[in-house]
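Below are the chains, spelled out letter by letter.
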Amino acid sequence: MIIPHDTYGPEYLLEVYDAETNMRGFLVIDNTALGPGKGGIRMTPNITLEEVFMLARTMTWKNALADLPFGGAKAGIVFDPSKSKKEEKKALVQAFSKALKPFVPKKYIAGPDMNSGEEEMQWFAEANGNWRSATGKPANLCMLVMGKKGSKQQCGIPHEFGSTGFGVAHATQVAAKHAGISLAGARVAVEGFGNVGEFTCKYLTEMGVLLVATSDMQGAVYNENGLDFKKLLAFKKQGTVTLYEDAKKLSHEEIFELPVDILIPAAIPNVITEKNYKNVQAKLIIEAANVPISDDIEGKLAKRGILVVPDIIVNAGGVISSYAEYRGYNPKDMFSMVKSKIVKNTKAILESAKREGISPRASAMKIAEERVEQAMKTRK
Ligand code: NAD
């Protein structure tokens, strides 16, 4: 793939290498009109500059839509989790961080992504010596900040706190109301019981939905009378939610065709496709994972009368939490910021889509592009 250069960017395409650790990494800073480029570090064996660019561009839109003073960026380190020891991983993250030192945090702020979490963010921040160079750091990693009113401690807010799933639950609440579905007792299936899926299930069951199905790498479980969230958690700790006794075991794919009101893909990309979209029975789909459905299939689902709320709106809780951490908020204030932004943005996108007769994704993209273009015109 040739990386396209257009009105928006990318501003920097960087490939870095460290001979001592054999670290190969990438950084793409797509657009910084709204602020420093923000996006996580993906650590996978086959990561490429092209993949990092596509993810960076998505971050440009996601951050603009969340109304954050962040531009779009993403990073990647070539890393095979099945072959590396912790010390080797740490050395890679440290070498990558040192290579990026000229860019952080003015042009780029790191965050967690696939195979990188709070510990990696701590290694990253410590290696380049700047606490603000990464978000998603551990809660006990703090910095004393001197201000007008005296000194104050600012601490990390790890993604492990569940801000993304919390945001997904609030987006679902808004969208259900918009679609005329009563959340109390609504039948919900959540694909993937990982970080995003687990917290989505937690907050939605607290809001009163009937969680009837979920899944993980081993398969799916379904009980039309509902699954108990605490039991699911216990089985996840034992290795897999598929250990749940009082439920039917289904394949990964069957979860998308269940008789539910709301379907939430929260694990892997491209799960609703040409092959299965006609069998979807849900009236509302909330895209918690990144790109679970292509634009084309989203259009076909809309023709079937199914409302699809796009990933760039729904799963922005993580990046909103990053901003809260960057600003030195405590976890309580972070959660209230995630809620207010997700509620406001989901409402705005759904209402403007309805008003203009376009899809929620088209409406979201229109707003994001306008915000970035406006910032590009006015930036010094
Ligand atoms: P995770 O690694 O914590 O969890 C992924 C879950 O998916 C695991 O439970 C895994 O067992 C399950 N899984 C894997 N293959 C599956 C399959 N074929 N069928 C069903 N389940 C399967 O990842 P996560 O952080 O929860 O991320 C999930 C999705 O959300 C990804 O698309 C990610 O890019 C996106 N996302 C995450 C965040 C965040 O803050 N974590 C923010 C924005 C977007």
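Notes on the structure follow. (Residues numbered from 1 in each chain as written. Predicted model: local features only at pLDDT ≥ 70, side-chain atom pairs only at ≥ 80, totals over all residues. Heavy atoms only, no water.)

The environment of the ligand is made up of 18 residues, and the closest members are Thr164, Asn195, Val196, Met217 and Asn290. Note that an oxygen atom of the ligand is positioned 2.7 Å from one of the side-chain N or O atoms of Thr164. Between the ligand and the protein, one listed contact pairs an oxygen atom with a backbone N or O atom of Asn195 at 2.9 Å. Of all the secondary structure elements, the ones that give two or more residues to the shell around the ligand are α5 (195-206) and β10 (210-216). When its residues are assigned to classes, the shell around the ligand shows eight nonpolar, nine polar and one charged. (Near = heavy atom within 4 Å. Polar contact = N/O pair within 3.5 Å; in protein donor to acceptor, adjacent residues only side chain to side chain. Helix = DSSP H or I, 4+ residues; strand = E, 2+ residues; numbered from the N terminus. Nonpolar A, V, L, I, M, F, W, Y, C, P; charged D, E, K, R; others polar.)

So, about the state of the cysteines. Considering all chains together, one arrives at one disulfide under this definition. Cys142 shares a disulfide with Cys155; S-S distance 2.1 Å. Every disulfide takes its handedness from the sign of the S-S torsion; for Cys142 and Cys155 that torsion is 105 degrees, giving right-handed. Taken together, the positions of Cys142 in strand β7 (residues 142-147) and Cys155 in strand β8 (residues 150-155) put the pair 13 residues apart, joining distant regions of the chain. (Disulfide = S-S within 2.5 Å.)

Taking strand neighbours across the sheet as the criterion, the seven strands line up as β12-β11-β10-β9-β13-β14-β15 in an open arrangement whose pairing is mixed. A strand with exactly one partner marks an edge of an open sheet, and here the two such strands are β12 (248-250) and β15 (307-309). On average, adjacent strands in this sheet sit at an angle of 20 degrees to one another, irrespective of strand direction. Summarising the sheet, strand β9 (residues 187-191) and β10 pair through four bridges and their orientation is parallel. Residue pairing in the sheet places Ala189 in a bridge with Ala213 of β10. Where helix α4 (residues 163-178) meets the sheet, it contacts β13 (262-265), β14 (284-286) and β15, and its direction lies at approximately 160 degrees from that of β14. (Pairing = 2+ DSSP bridges. Axes fitted to C-alpha atoms, helices over the stretch in contact; angles between N-to-C directions. Contact = heavy atoms within 4.5 Å.)

Next up on the list: the packing of helix α1 (residues 49-65) against helix α11 (residues 360-378). The packing of two helices is summarised by the inter-axis angle and the distance between the axes. Between α1 and α11, whose axes approach to 8 Å, the crossing angle comes to 90 degrees. Comparing the axis directions of α1 and α11 gives the class roughly perpendicular. The residues of α11 that touch α1, namely those facing Thr60, Trp61, Ala64 and Leu65, are Ala364, Met365, Ile367, Ala368, Glu369, Arg371 and Val372. Of the residues belonging to the contact of α1 with α11, the class tally is eight nonpolar, one polar and two charged. (Parallel < 35°, antiparallel > 145°, perpendicular 65-115°, else oblique.)

Turning next to the packing of α4 against α5. Where α4 contacts α5, the axes come no closer than 7 Å and their chain directions differ by 50 degrees. Taken together, the axes of α4 and α5 lie oblique to each other. Of the two elements, α4 crosses α5, and the hand of that crossing is right-handed. Along its contact with α4, which presents Thr164, Gly165, Phe166, Val168, Ala169 and Thr172, the element α5 presents Val196, Phe199, Thr200, Tyr203 and Leu204. (Left-handed = near helix turned anticlockwise from the far one by under 90°.)

The next thing to look at is the pattern of salt bridges. Applying the stated criterion across every chain, the model contains 20 salt bridges. Notably, a salt bridge pairs Asp295 with Arg361, separated by 3.6 Å at the nearest N-O pair. With Asp295 in helix α7 (residues 295-303) and Arg361 in helix α11, this residue pair connects regions lying 66 residues apart in the sequence. On the basis of relative accessible area, Asp295 is assigned to the exposed category, the value being 54%. Each of the salt bridges in this network shares a partner with another, and the network as a whole consists of Glu287, Asp295, Glu298, Asp311 and Arg361. (Salt bridge = Lys/Arg side-chain N within 4 Å of Asp/Glu carboxyl O. Buried < 20%, exposed > 50% of the residue type's maximum accessible area, 1.4 Å probe, protein only.)

Turning next to the nonpolar core. Among the nonpolar cores identified, the biggest contains 63 residues, and Leu232, Ile262, Ile264, Leu284, Ile286, Val309 and Ile320 are the most heavily contacted of them. Per-element tally for this core: the top contributor is helix α10 (residues 331-356), with seven residues. Built from parts of two domains, this core gets at least three residues from each of domain 1 (12-63 + 70-156) and domain 2 (163-316 + 348-364). If you look at the next biggest cluster of nonpolar residues, it comprises 23 residues, including Met23, Ile29, Ile77 and Trp123. (Core = buried A, V, L, I, M, F, W, Y, C linked by side-chain atoms within 4.5 Å. Domains from an automatic or database assignment.)

Purely geometric stuff here, so don't read any function into it on its own.
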